[in-house]
Each structure stands twice: as C-alpha cells, then as structure tokens.
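# Structural overview for review
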Amino acid sequence: MAVDRDAFTRAGALLRQAMDSWSPVAVLTGAGISAESGVPTFRGPDGLWCGFRPEELATPAAFARHPERVWEWYHWRRRLVLAAMPNAGHRALAALEAVAGDAFTLVTQNVDGLHRLAGSRRLVELHGTLLEARCTRCGRVEPLPPEATGIPRCPACGAMARPNVVWFGESLPADAWARAQRAAETASVFLVIGTSAVVYPAAGLIEIAAASGARVIEVNPEETPLSGLADCVLRERAGVALPALLREAGILDA
Ligand code: NAD
Ligand code: ZN
C-alpha cells in the first residue's frame with residue numbers, strides 16, 4: 001500500500017490548527033485500533049469463534065437461549081484482552097489528550113479497556129466493558145476476576161449475571177450517548193480510527209460530526225461506507241498512522 005504523504009501533511013495541519021486555537025477535537029475508535037495489540041476484530045479473519053459469528057453470540061436472544069455458550073465466548077475474549085497491552089495507537093491518543101486537555105473526547109466502541117490502560121481519561125466507553133458483569137435482576141455491576149468461568153452470579157441477589165456490554169439490538173447507555181453526541185456536534189476535528197462504520201448508532205457519530213462542520217480524518221487500512229465523508233483518509237494501520245500524524249502536527253517529537 002503506497003503511503004499518501006500529502007494526506008498526512010493535510011491531516012497534521014488540521015490537527016495543529018485545532019490545537020493552536022483550543023478547538024474541540026473528538027475521536028471515535030473501533031476494534032481496528034486494538035488489532036495490533038492482538039485483539040481480533042469482528043469482521044477480520046479471526047472474527048469467528050467455534051464457528052459462530054459475533055451476531056450469533058452478542059445478542060439478548062443468544063444469551064437467553066445459551067447463556068453458558070455466550071459466557072464462554074466472553075471469558076475467552078476477556079482472557080485475550082488481559083494478556084494484551086496497549087499499542088502505539090492507543091498511546092498516541094493518550095498523548096493527544098494530554099496536550100488537548102478539556103477540548104478532547106475519546107469515544108470508543110471497544111470493550112477491551114486498552115484506552116484506559118494507555119492513560120486515556122476523557123473517555124466514553126459506548127459499548128461498556130467485558131471486564132465487568134452486570135446482574136440481570138438488580139443491575140449491580142461487579143468486576144470479573146481474571147480466573148472467572150461459567151455463569152457468574154450476582155453477589156447481592158444471587159441472580160444470573162451477564163457481561164456489562166451493549167449487545168446488538170440493545171440501546172446505548174443514555175449518558176454515554178449524550179456525551180458522544182455532544183462531542184461529535186462540537187468537534188472541529190473528528191478522527192475516526194479502526195471502525196468499519198457499519199454498527200449504528202455509533203457510526204452515526206461520523207455523520208453528525210461531518211454535518212456539524214467538523215473536518216473528518218479517517219485512519220483505516222480499508223475503505224468504509226463512510227470514507228466519503230472524510231476530508232483526509234490515512235490508509236494505514238493505527239499504530240503507524242497515529243504517531244506519524246502526531247509528529248506531523250508537532251505534538252510528538254520527530
Ligand atoms: P469491526 O470489527 O467491524 O471493524 C474493524 C475495522 O478496523 C475494519 O474497518 C478494519 O479495516 C479496521 N482495521 C483493522 N486493522 C486495523 C489497524 N491495525 N488499524 C486501523 N484500522 C484497522 O469493528 P467495529 O467497527 O469496532 O465494530 C464492531 C463492534 O465490535 C463494536 O461494537 C465493538 O464494540 C465490538 N468489538 C470490540 C472489540 C474490542 O473491544 N477490541 C473487538 C471486536 C469487536
Ligand atoms: Zn443482583
């Protein structure tokens with residue numbers, strides 16, 4: 001893949017301009033940013049688990065029918081994530097936040113906790129986290145011990161717990177969505193990183209940002225259905241593109 005130097009120069013200038021004027025910068029990340037940490041994406045070649053597609057596991061109907069199977073999948077994904085480390089892409093976004101401060105929001109669709117581990121704090125976890133369980137009766141949320149297996153039970157009421165994530169067909173937590181929407185509406189630069197832009201309503205944030213006047217920068221080795229909304233497209237892996245973009249913007253040392 002030929003690297004488009006011109007796109008990096010233009011994207012770096014947009015980011016520099018936003019920093020210089022303390023204009024709000026927002027970021028939307030998807031599974032692609034964690035791919036270089038060894039966490040499989042849903043739509044990549046490693047997306048299947050025991051022959052099941054994620055759409056057959058990450059739904060309320062799948063959990064109602066086969067809670068043990070769904071939990072086994074989440075235990076497997078959680079163990080993968082616990083063995084993973086943030087990569088240069090996660091670290092670059094933590095560095096960007098350190099410079100941008102209050103004018104920065106990182107919205108992630110990821111449930112792997114790697115942004116937090118990298119030091120990001122102005123973070124909206126739209127789809128929850130697979131490091132926690134939530135009671136199906138009283139809603140109590142508990143961290144999962146690394147060695148957890150089987151179907152966890154609620155320590156307060158004894159009912160079955162479920163992963164504390166948002167499944168296909170469920171609505172997003174209202175406060176997280178409100179923060180994400182506000183960030184998209186007010187951003188002057190909106191970075192979209194490693195998302196296939198097909199899971200709604202999260203993908204709608206790109207449309208909201210573009211319609212509200214943000215300059216959109218996409219970082220993804222592949223084209224997506226919303227690539228056309230981007231002012232600059234960086235067809236490169238996040239772990240390579242983001243440090244390069246920050247150097248271009250003068251945020252990281254060359
Ligand atoms: P997705 O699997 O649908 O798409 C991944 C995207 O990342 C693709 O467009 C791919 O081209 C791109 N990509 C692959 N490697 C990349 C790299 N090194 N750098 C940059 N981009 C790269 O993921 P999605 O759009 O996030 O949507 C799927 C849903 O799956 C989300 O709701 C998310 O919650 C969930 N999910 C989360 C994780 C995680 O937490 N790490 C992992 C898998 C799925
Ligand atoms: Zn309970």
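In short, a report on the structure. (Residues numbered from 1 in each chain as written. Chains lettered and ligands numbered in written order. Predicted model: local features only at pLDDT ≥ 70, side-chain atom pairs only at ≥ 80, totals over all residues. Heavy atoms only, no water.)

### Observations regarding the site of ligand 1
As a structural note, the neighbourhood of ligand 1 is formed by 26 residues, with Arg43, Gln109, Asp112, Thr195 and Ser196 the closest of them. A distance of 3.2 Å separates an oxygen atom of ligand 1 from a polar atom in the backbone of Gly194. Contact between ligand 1 and Ser196: an oxygen atom at 2.6 Å from a side-chain N or O atom of the residue. Contact with the protein chains covers 91% of the free accessible surface of ligand 1, which is 840 Å². Per element, the largest residue contribution to the shell around ligand 1 is three residues, and it comes from helix H2 (residues 32–35). For the shell around ligand 1, the class distribution of residues is nine nonpolar, eleven polar and six charged. (Near = heavy atom within 4 Å. Polar contact = N/O pair within 3.5 Å; in protein donor to acceptor, adjacent residues only side chain to side chain. Areas by Shrake-Rupley, 256 points an atom, 1.4 Å probe, with all protein chains shown as cover. Helix = DSSP H or I, 4+ residues; strand = E, 2+ residues; numbered from the N terminus. Nonpolar A, V, L, I, M, F, W, Y, C, P; charged D, E, K, R; others polar.)

### Brief notes about the pattern of salt bridges
Enumeration according to the criterion identifies 13 salt bridges in this entry. Here Arg43 makes a salt bridge to Glu55, at a shortest N to O gap of 3.5 Å. Of the two residues, Arg43 is situated in the loop between H2 and helix H3 (60–65) and Glu55 in the loop between H2 and H3; the sequence distance between them amounts to twelve residues. The network of salt bridges with shared partners includes Arg43, Arg53, Glu55 and Glu56. (Salt bridge = Lys/Arg side-chain N within 4 Å of Asp/Glu carboxyl O.)

### Section: the nonpolar core
Formed by 32 residues in total, the largest nonpolar core has its most connected members in Leu15, Leu96, Ile193 and Leu242. A total of seven residues in this core trace back to one element, the largest contributor, which is helix H1 (residues 5–20). In this view, Leu242 contacts Ile33, Gly89, Ala92, Leu93, Ile193 and Val219; residues no more than four positions away in its chain are not counted. Ranked by size, the runner-up nonpolar core spans 23 residues in total, among them Leu126, Phe190, Val192 and Ala197. (Core = buried A, V, L, I, M, F, W, Y, C linked by side-chain atoms within 4.5 Å. Buried < 20%, exposed > 50% of the residue type's maximum accessible area, 1.4 Å probe, protein only. Contact = heavy atoms within 4.5 Å.)

### Remarks on the sheet that holds strand S7 (residues 189–193)
Read across the sheet, six strands follow the order S3-S2-S1-S7-S8-S9 without closing on themselves; strand pairing throughout is parallel. Either end of the sheet is taken by a strand with one partner, and the two such strands are strand S3 (123–125) and strand S9 (232–234). Averaged over all pairs of adjacent strands, the angle between strand axes in this sheet comes to 15°, irrespective of strand direction. The sheet contact formed by S7 and strand S8 (residues 215–219) spans five bridges and is parallel. When the bridges of S8 are listed, Leu191 appears paired with Ile217. Its contacts with the sheet place H1 against strand S1 (25–29), S7, S8 and S9, and it is angled at close to 120° to S9. Across the face of the sheet, helix H8 (residues 204–211) comes into contact with S1, strand S2 (104–108), S7 and S8 while running at roughly 155° to S7. (Pairing = 2+ DSSP bridges. Axes fitted to C-alpha atoms, helices over the stretch in contact; angles between N-to-C directions.)

### Some remarks on H1
Its 16 residues place the ends of H1 22 Å apart at the C-alpha level, agreeing with the 22 Å of an ideal helix rising 1.5 Å per residue. Every buried residue of H1 is listed here: Ala7, Phe8, Ala11, Gly12, Leu14, Leu15, Ala18 and Met19. Within H1, the buried residues cover an arc of 160° as seen down the axis, which keeps them to one side. Of the residues in H1, the exposed ones pointing more than 90 degrees away from the buried face are Gln17 and Asp20. (Expected span 1.5 Å × (residues − 1). Arc of directions from axis to C-beta.)

### Overview of the side chain of His115
With respect to the helices and strands, the residue His115 is situated in helix H6 (residues 114–118). Not counting the four nearest positions on each side in its chain, His115 is found in contact with Thr29, Ile33, His90, Leu93, Leu106, Thr108, Ser120 and Leu123.

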